[in-house]
Amino acid sequence: INDNQMTGRMFNYWTEGGAIAFFQDPDPETGKTPLQLFMDGRAQAAYNIDKFDLWRTIKGGGPVMEKLLRSGKTLTDQDFRSVGQWIHEELAKYKVWVVLMPTSEVPYPGISSEQVMPYPNHYFLKALQMQGNWSVAYLDDFQYLYVRNDTPEGKDLLGRIFKGEARFPTECSQHLTLASLYLTTGNEQYAQTAFEHARKAFELEPNQASALRMVYEVRRYAS
């Protein structure tokens, strides 16, 4: 669902940066990719150490998360909202409107803050999920892509997804994405629509992502 007209920066998992850059078409004049990466796999070899430290600080939730962890308390939804607000503000400083992370970094929707506690790699996206201005714009069995829904680029992309105009690598990933988007509206009238997209995704590709989404949607719809 890349669009060569989009500009800005992506916060990505640093070891995957090279592949993300490779599959973008660079500007013929500047050589820059449409979405500039925050970090790639060369890390300290190509970036100053302060850049890598910045990536790790943002990914770790910064001083807000550090203070909470030092307290030894069980983190609540409000704690993750506070961390998410700090992350959101930091990403805004660097004009980041896209976040791409592997599924191993993504807490499943609906999991409680207390259940996330044993999995520090999930803290970043759990905190971001608590912010109303970030939405899933793509997901499959390997990756989740979030966009800021209050930016022109994010609004445009989400609008084209709902209209069926955005390009997806597979029909399954399109249905998974739509199931997630309709679910996160919080509007009960879209529950059946979300369920139908989850069902179609599972019928097309009964993999881990579609199976988990199907189970989650069935439980939610049944309730």
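Along each chain, the written sequence defines residue order, and numbers are assigned to residues from 1. Only residues with pLDDT of at least 70 get local features here, since the model is predicted, and only at 80 or more are side-chain atom pairs given and counted; chain-wide, interface and lining totals rely on the full set of residues. Side-chain measures here rest on the full set of heavy atoms in the structure, leaving out hydrogens and waters.

Helix and strand counts for the protein stand at 10 helices and 5 strands. Only heavy atoms matter for contacts: two residues are in contact if any of them lie within 4.5 Å across the pair. Counting contacts in the protein only where the partners sit at least 6 residues apart, residues at least 24 apart contribute 61% of the total. When the accessible surface of the protein is split by element, carbon and sulfur atoms take 52% of a total near 11,700 Å². For the purposes of this entry, the term helix denotes a DSSP run of H or I that reaches at least four residues, the term strand denotes a run of E that reaches at least two, and both are numbered from the N terminus. Note on areas: Shrake-Rupley with a 1.4 Å probe; residue coverage comes only from the protein chains shown.

Take the packing of aromatic side chains next. Aromatic pairs are defined between Phe, Tyr and Trp rings, using the six-membered ring for Trp, whenever the two ring centres lie within 6.5 Å; interplanar angles under 30 degrees are classed as stacked, those over 60 as edge-to-face, and all others as tilted. Per the counting criterion, the structure on display carries 9 aromatic pairs. Ring geometry for phenylalanine 52 and tryptophan 55: centres 6.4 Å apart, planes at 0°, overall stacked. Taken together, the residues span about one helical turn, with phenylalanine 52 and tryptophan 55 both in helix H2 (residues 49-59) at a distance of 3 residues. Across the pair, exposure class does not vary: phenylalanine 52 and tryptophan 55 are buried alike. Here the aromatic rings of phenylalanine 80 and tyrosine 123 are separated by 5.9 Å at their centres, their planes lie at 70°, and the arrangement is edge-to-face. To sort residues, take the accessible area from a 1.4 Å probe on protein chains only and compare it with the maximum for the residue type: under 20% means buried, over 50% means exposed, and anything in between is partly exposed.

By this rule, a helix spans an expected 1.5 Å times one less than how many residues it contains. In a regular helix each residue adds 1.5 Å, so 13 residues correspond to 18 Å; helix H8 (residues 171-183) covers 18 Å between its end C-alpha atoms and thus fits that length. A large share of H8 lies buried, amounting to 11 of its 13 residues.

Caution applies to low-pLDDT regions: their predicted coordinates should not be interpreted in detail. Across the protein, the average pLDDT comes to 83, with 80% of residues at 70 or higher. Counting contacts from residues 1-7, a segment whose pLDDT is below 50, to residues more than four positions away or on other chains yields 22 contacts. Across the chain, each position has a pLDDT score giving the predictor's confidence in that residue, from 0 to 100.

As a further point, take the sheet that holds strand S5 (residues 143-148). Taken together, 5 strands build an open sheet; the order of strands is S2-S1-S3-S5-S4 and the sheet is mixed. Edge positions in the sheet fall to strand S2 (36-37) and strand S4 (134-139), since each of these pairs with one other strand and no more. Here, any two strands with at least 2 DSSP bridges between them count as paired. Inspection of the sheet shows strand S1 (residues 9-12) paired to strand S3 (residues 96-102) by 4 bridges, in the parallel sense. Its bridge partner lying in S3, methionine 10 is registered against valine 98.

What follows is about the packing of helix H7 (residues 152-163) against H8. At a minimum axis separation of 10 Å, H7 and H8 run at an interaxial angle of 110°. With respect to each other, H7 and H8 are oriented roughly perpendicular. When the axes of H7 and H8 are compared, the crossing they make is left-handed. The segment H7 lies against H8, with Leu158, Ile161 and Phe162 engaging Thr177, Leu178, Leu181 and Tyr182. For this classification, the nonpolar set comprises Ala, Val, Leu, Ile, Met, Phe, Trp, Tyr, Cys and Pro, the charged set comprises Asp, Glu, Lys and Arg, and every other residue, Gly included, is treated as polar. Looking at the contact of H7 with H8 residue by residue, the class counts come to 6 nonpolar, 1 polar and no charged. Here an angle of 0 to 180 degrees is reported between the N-to-C directions of two axes, which are lines fitted to C-alpha atoms, with helices fitted over the stretch in contact. Every angle not falling under 35 degrees, over 145, or within 65 to 115 is termed oblique; those three ranges are roughly parallel, roughly antiparallel and roughly perpendicular. We call a crossing left-handed when the near helix sits turned anticlockwise from the far one by less than a right angle, and right-handed when that turn is clockwise.

Bringing unusual backbone geometry into the picture now. Phi at lysine 95 takes a positive value of approximately 60°, unusual for a residue other than glycine. Positionally, lysine 95 belongs in the loop between helix H4 (77-93) and S3.

Throughout, nonpolar core names a set of buried Ala, Val, Leu, Ile, Met, Phe, Trp, Tyr and Cys residues whose side chains join them through atoms within 4.5 Å. Of all hydrophobic cores here, the largest spans 31 residues; its most connected members are Phe11, Ile87, Leu91, Val99 and Phe124. Every element with two or more residues in this core is listed here: H2, helix H3 (62-71), H4, S3, helix H6 (123-129), S4, S5 and H8. Ignoring anything within four residues of it in the chain, the contact list for leucine 91 reads Phe11, Ile58, Val96, Val99, Leu128 and Trp134. Formed by 19 residues, the second largest nonpolar core is a distinct cluster that contains Ala137, Ile161, Leu181 and Ala194.

Our next topic: the pairing of S3. Extensive coverage of S3 is indicated by the burial of 7 of its 7 residues. The pairing of S3 with S5 spans 5 bridges and is classified as antiparallel. Paired with methionine 101 across the bridge in S5 is tyrosine 144.

Quick look at the pattern of salt bridges now. The salt bridge definition used is simple: a Lys or Arg side-chain nitrogen within 4 Å of an Asp or Glu carboxyl oxygen. Counted according to the given criterion, the structure contains 9 salt bridges. Note that glutamate 90 is salt-bridged to lysine 93, the shortest N-O span being 2.8 Å. In this pair, glutamate 90 and lysine 93 are both assigned in helix H4, 3 residues apart and thus about one turn of the helix distant. Through salt bridges with shared partners, one network takes in Glu196, Arg199 and Glu203.

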